[in-house]
Amino acid sequence: VVAHHVSLIAVRAGTAGFQLADLSPSSIEAFDEIAVEARTALDELRAILGVLRAPDGVASQSPQPTAADLPALVERMRLRGVDIVMETTGDQRPLAVGVEHCCYRLVQEALTNVSRHAPGAQVHVGIHYDVDEIAVTIADTGGTAAPQVSSPVTSFGLIGMRERVAALGGHLHAGPDGRGFVVDAHLPVAARST
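Summarised in this report is the structure supplied together with it.

Take the overall build of the protein chain next. Looking only at helices and strands, one finds five helices and five strands in the protein chain. Counting every position in the protein chain, which comprises 194 residues, the buried fraction comes to 36%. Across the protein chain, contacts joining residues at least 24 apart in sequence account for 68% of those joining residues at least 6 apart. Summed over all atoms, the accessible surface of the protein chain reaches about 10800 Å², with 59% contributed by carbon and sulfur.

Encoded structure:
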């Protein structure tokens, strides 16, 4: 959660020069410094997570966000300038805690990636409840502004998505679709225990 917010700081600071036409050179330089510091903080958070990751895989006992929290996440991202349409279809109902949490994290990571790699893109978030699975699709149209310069550190976003989905017995496809980028995950409603 902290990494998500720090990542948004890096994205907003890194793209300010492209989004705000009246910035002075010194202001652009200040925003660039903020972006560098935020990416450094992300690198340090990743290192800390590597140290703190429990070898027994026991989950944290703190409350975790669920699919019910997705509208608030989408609204926060809209306020940060991301053009998002969210659509929920099917028989919406509470699911296993792990499935709910995974749905939230998939959307969160995908929207962060759109902010970072495709500024100006339009995004469609689709959540479909079926009898025995839930489908989560995040599709963007490709950005119109220059993307943020990538950090030299390997991104764990897509890797983490794949790990989360696989741990629940689901499957995920993530990649370009000729227009933008699509993340499409299918999770069984009755997730297997891991």
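If you check which residues of helix α3 (residues 70-79) are buried, you get L70, L73, V74 and M77. Looking straight down α3, one finds its buried side chains confined to an arc of 95 degrees; they lie on one side. In the core, the buried residues of α3 are packed alongside α1 (2-19), β1 (83-90), α4 (97-117) and β2 (122-129). G81 sits one or two positions beyond α3 and adopts a positive phi of about 100 degrees.

Attention now goes to the sheet that holds strand β5 (residues 181-188). Hydrogen bonding along the main chain pairs the strands of a sheet, whether they run parallel or antiparallel. The sheet built from five strands is open, its strands ordered β1-β2-β3-β5-β4 with mixed pairing. Sheet topology places β1 and β4 (171-176) at the edges, where each strand pairs with a single neighbour. Neighbour-to-neighbour, the strand axes of this sheet turn through a mean angle of 10 degrees, independent of strand direction. For β2 and strand β3 (residues 133-140), the ladder comprises seven bridges, and the chain directions are antiparallel. Residue pairing across strands places V123 opposite D140, the latter belonging to β3. Contacting β1, β2, β3, β4 and β5, α4 runs over the sheet at an angle of about 5 degrees to β3. Here helix α5 (residues 157-167) sits on the sheet in contact with β4 and β5, set at roughly 155 degrees to β4.

Reading guide: rules and limits
Residues numbered from 1 in each chain as written. Predicted model: local features only at pLDDT ≥ 70, side-chain atom pairs only at ≥ 80, totals over all residues. Heavy atoms only, no water. Helix = DSSP H or I, 4+ residues; strand = E, 2+ residues; numbered from the N terminus. Buried < 20%, exposed > 50% of the residue type's maximum accessible area, 1.4 Å probe, protein only. Contact = heavy atoms within 4.5 Å. Areas by Shrake-Rupley, 256 points an atom, 1.4 Å probe, with all protein chains shown as cover. Arc of directions from axis to C-beta. Pairing = 2+ DSSP bridges. Axes fitted to C-alpha atoms, helices over the stretch in contact; angles between N-to-C directions.

In short, shape yes, function no, at least from these values alone.
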